[in-house]
Amino acid sequence: MKEKIIIAIDGWSSCGKSTLAKQLAKELSYIYIDSGAMYRAVTLYFLRNHIDWTSVPEVKDALKNITLEFKPNHTNGESEMYLNEENVEYVIRDMVVAEKVSEVAAIEEVRTFAVAEQQKMGTAKGIVMDGRDIGTTVFPNADLKIFMTADIAVRVERRFKEMYSKNPNITVEEVKANLEMRDYIDSHRSVSPLQKASDAIEINNTGLTPEEQLQLTLNYVKNLQKQA
Ligand code: C5P
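Novice: Which residues make up the site of the ligand, and what values do they have?
Specialist: By nearness alone, 15 residues border the ligand, and Arg-40, Arg-111, Asp-133, Asp-186 and Arg-189 come closest of all. For the ligand, a nitrogen atom lies 3.0 Å from a polar atom in the side chain of Ser-35. Separating an oxygen atom of the ligand from a side-chain N or O atom of Arg-182 is a distance of 2.9 Å. When isolated, the ligand has an accessible area of 450 Å², and the protein chains bury 97% of it. Mapped onto the shell around the ligand, the elements with two or more residues apiece are helix 2 (35-48), helix 4 (95-105) and helix 8 (172-188).

Here's what the structure looks like:
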């Protein structure tokens, strides 16, 4: 099947979803969309503008002033998050945002806003999107759904390395607490909680190299292509 498909990748925080999604997008010449970056950008906007996100009218008004866009980095071509024309790709990875993003992402109005944007991005297919509700809510008819897991120790180590390079004051304990808190809120919220879609393929990548997880997933893509 050379026809373009939609690939949905969901899973727990720091499971390697974005690594796999980027690899697949590159291999298949698809567009990669990091849906988590959108929730992070909304959170950044709320924090900067002191939005009281427990107030539905305030949230609704604030969302009217938010434009989210992905644009390619001039050097490496990777897509980066723009909030109202400002490149926020780096700042949204900060712990200040990570501390609040799951609370903001649990708000129904925020999800309705983000999901509508994500669905628009998928109309042309040829897309790999990663997140928490892509296979369940954003693209329930996605051609391929992957649900990723990995041992918590491995996930903490990966995220710690990533964050330490930006902030040497960060501790392993802080990173672990943040992952666990986000996983708890993400899987217990009432709107689109993180859960494995019934037709998703589960990949535990604890012992897999990035290359192995790519090859494994590409096999699923090839099988789909044979069937078409
Ligand atoms: O993927 P990432 O870890 O950057 O996502 C940050 C947060 O955004 C998640 O912990 C979750 O609260 C929220 N999120 C979500 N639904 C998605 C993607 C991310 O609720 N599809």
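Novice: Tell me about helix 8, and please be specific about residues and values.
Specialist: Side chains three or four residues apart in an α-helix point the same way, a direct result of the helix having 3.6 residues per turn. The terminal C-alpha atoms of helix 8, which comprises 17 residues, lie 24 Å apart, in line with the 24 Å expected from a rise of 1.5 Å per residue. Burial in helix 8 covers these residues: Val-175, Asn-178, Leu-179, Arg-182, Asp-183 and Asp-186. Axial view of helix 8: buried residues confined to an arc of 130°, hence all on one face. Within helix 8, the exposed residues directed more than 90 degrees away from the buried face are Glu-173, Tyr-184 and His-188.

Rules used in this analysis
Residues numbered from 1 in each chain as written. Predicted model: local features only at pLDDT ≥ 70, side-chain atom pairs only at ≥ 80, totals over all residues. Heavy atoms only, no water. Near = heavy atom within 4 Å. Polar contact = N/O pair within 3.5 Å; in protein donor to acceptor, adjacent residues only side chain to side chain. Areas by Shrake-Rupley, 256 points an atom, 1.4 Å probe, with all protein chains shown as cover. Helix = DSSP H or I, 4+ residues; strand = E, 2+ residues; numbered from the N terminus. Expected span 1.5 Å × (residues − 1). Buried < 20%, exposed > 50% of the residue type's maximum accessible area, 1.4 Å probe, protein only. Arc of directions from axis to C-beta.

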